[in-house]
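Letter by letter, the chains look like this.
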Amino acid sequence: MAVIEPYIATYGAFAVFVIIYFEAFGAPLPGESLLVAVSAMAARGDINLTYALVAAFCGAVLGDSTGYAIGHYGGRPLLLRYGQYIKLTPERLAKIEGIFRRRGMWIVIGARFLAFLRQFNGLIAGSMAMPWPRFFMANAIGAAAWVLVWGLGAYWATDTVEAFFKR
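Thresholds applied
Residues numbered from 1 in each chain as written. Predicted model: local features only at pLDDT ≥ 70, side-chain atom pairs only at ≥ 80, totals over all residues. Heavy atoms only, no water. Helix = DSSP H or I, 4+ residues; strand = E, 2+ residues; numbered from the N terminus. Buried < 20%, exposed > 50% of the residue type's maximum accessible area, 1.4 Å probe, protein only. Contact = heavy atoms within 4.5 Å. Areas by Shrake-Rupley, 256 points an atom, 1.4 Å probe, with all protein chains shown as cover. Lys, Arg positive; Asp, Glu negative; His and termini not counted. Charge placed at Lys NZ, Arg CZ, Asp CG, Glu CD. Expected span 1.5 Å × (residues − 1). Polar contact = N/O pair within 3.5 Å; in protein donor to acceptor, adjacent residues only side chain to side chain. Core = buried A, V, L, I, M, F, W, Y, C linked by side-chain atoms within 4.5 Å. Phe/Tyr/Trp six-rings, centres within 6.5 Å; stacked < 30°, edge-to-face > 60°. Salt bridge = Lys/Arg side-chain N within 4 Å of Asp/Glu carboxyl O. Bend = angle between axes of the 7 residues up to and from the residue.

Novice: Outline the overall build of the protein chain, listing residues and values.
Specialist: What the protein chain contains, in helices and strands, is seven helices and zero strands. What you see in the protein chain, going N to C, is helices and strands ordered as α-α-α-α-α-α-α. Taking the principal axes of the C-alpha coordinates as reference, the protein chain spans close to 60 × 30 × 30 Å. Each of the 167 residues in the protein chain was classed as buried or not, and the buried ones make up 41%. At a minimum sequence separation of 6, the contacts of the protein chain that also span at least 24 residues come to 79%. Counting every atom, the protein chain has about 9600 Å² of accessible surface; 70% of that belongs to carbon and sulfur. Within the protein chain, the 9 negative side-chain charges are centred at a point lying 14 Å from the centre of the 14 positive side-chain charges.

Novice: So what about helix α2 (residues 13-25)? Which residues, and what values?
Specialist: With 13 residues, α2 should cover 18 Å at 1.5 Å per step; its first-to-last C-alpha distance of 18 Å lies within 8% of that length. Those residues of α2 not exposed but buried are A15, V16, I19, I20, Y21, E23 and A24. Positive backbone phi, at 135 degrees, marks G26, one or two positions downstream of α2.

Novice: Please set out the side chain of R112 residue by residue, giving values where relevant.
Specialist: For R112, the location among the structural elements is in the loop between α5 (90-111) and α6 (115-127). A polar side-chain atom of R112 sits 2.8 Å from a polar atom in the side chain of D64. Contacts of R112, omitting those with residues within four sequence positions, involve A24, A60, D64, R118, N121, N139, G142, A143 and W146.

Novice: Report on the nonpolar core, specifying residues and quantitative values.
Specialist: One finds I8, V16, I20, L34, V38, I47 and A56 to be the most contacted residues of the largest nonpolar core, which totals 22 residues. With sequence-adjacent residues up to four places away left out, I8 is seen in contact with A15, L34, A37, V38, M41 and I47. Counting residues in hydrophobic clusters, the runner-up holds 12 residues, among them L88, V108, M128 and F135.

Novice: Now, about the packing of aromatic side chains: what can you tell me, with residues and values included?
Specialist: A complete count under the given rule lists seven aromatic pairs for this structure. Their ring planes at 40 degrees and their centres at 5.4 Å tell us that W132 and F136 sit as a pair that is tilted. With a gap of four residues between them, W132 and F136 both fall in helix α7 (residues 132-166), about one helical turn apart. Judged by relative accessible area, which is 38%, W132 ranks as partly exposed. In this structure F136 comes out as partly exposed when scored by relative accessible area, which is 38%.

Novice: Talk me through the pattern of salt bridges; I want residue IDs and the actual numbers.
Specialist: Inspection of every chain in the model, using the stated rule, returns four salt bridges. Measuring nitrogen to oxygen at the nearest pair gives 2.8 Å for the salt bridge that ties E23 to R118. With E23 in helix α2 and R118 in helix α6, this pair connects stretches of sequence that are 95 residues apart. Here D46 and R44 are joined by a salt bridge, their closest N and O atoms 2.8 Å apart. Several salt bridges converge on common partners, so that one network encompasses E23, E32 and R118.

Novice: Give a description of α5 that names residues and reports values.
Specialist: What sets the pattern is the α-helix's 3.6 residues per turn: residues three or four places apart point alike. Look at α5: only 24 Å from first C-alpha to last across 22 residues, short of the 32 Å you get at 1.5 Å a residue. Along α5, the sharpest change in direction is near 85 degrees and occurs at R103. Among the residues of α5, those classed as buried are L93, E97, G98, F100, G104, M105, V108, I109 and A111.

As structure tokens, then:
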């Protein structure tokens, strides 16, 4: 938290947006840690929680959407060309695409809560030819749930934890 806090204090919700955008796009950045730090800072009155959570939501949705666009327009040819090196044959790719057609929305929503999958969620969905409207809806639902759990949940938990340690 000590590394992230000065950026949040200086740049506010804009820093939250940028960090979450790049994390959702694939960069190894601390998304959950950022939201917990923002929640703690909001509990102290150092940042407006509403602005920060809206920025986190927008960054998450736009970051995954950027990944989706890259996967949609360039991911499949790369998977077909180099998939053999990671044992991804055309048959396996077809099977994965079938799974995405049936359960793609749930995969996108659930992947938001798993660190490695969150970074590549959009890229994979785009590469698997998931329809854009379905991806966007699942992406927005997953991003909203993720931001509320790690942002608002941590904010509410701050009072409980603080009261516990004051005993």
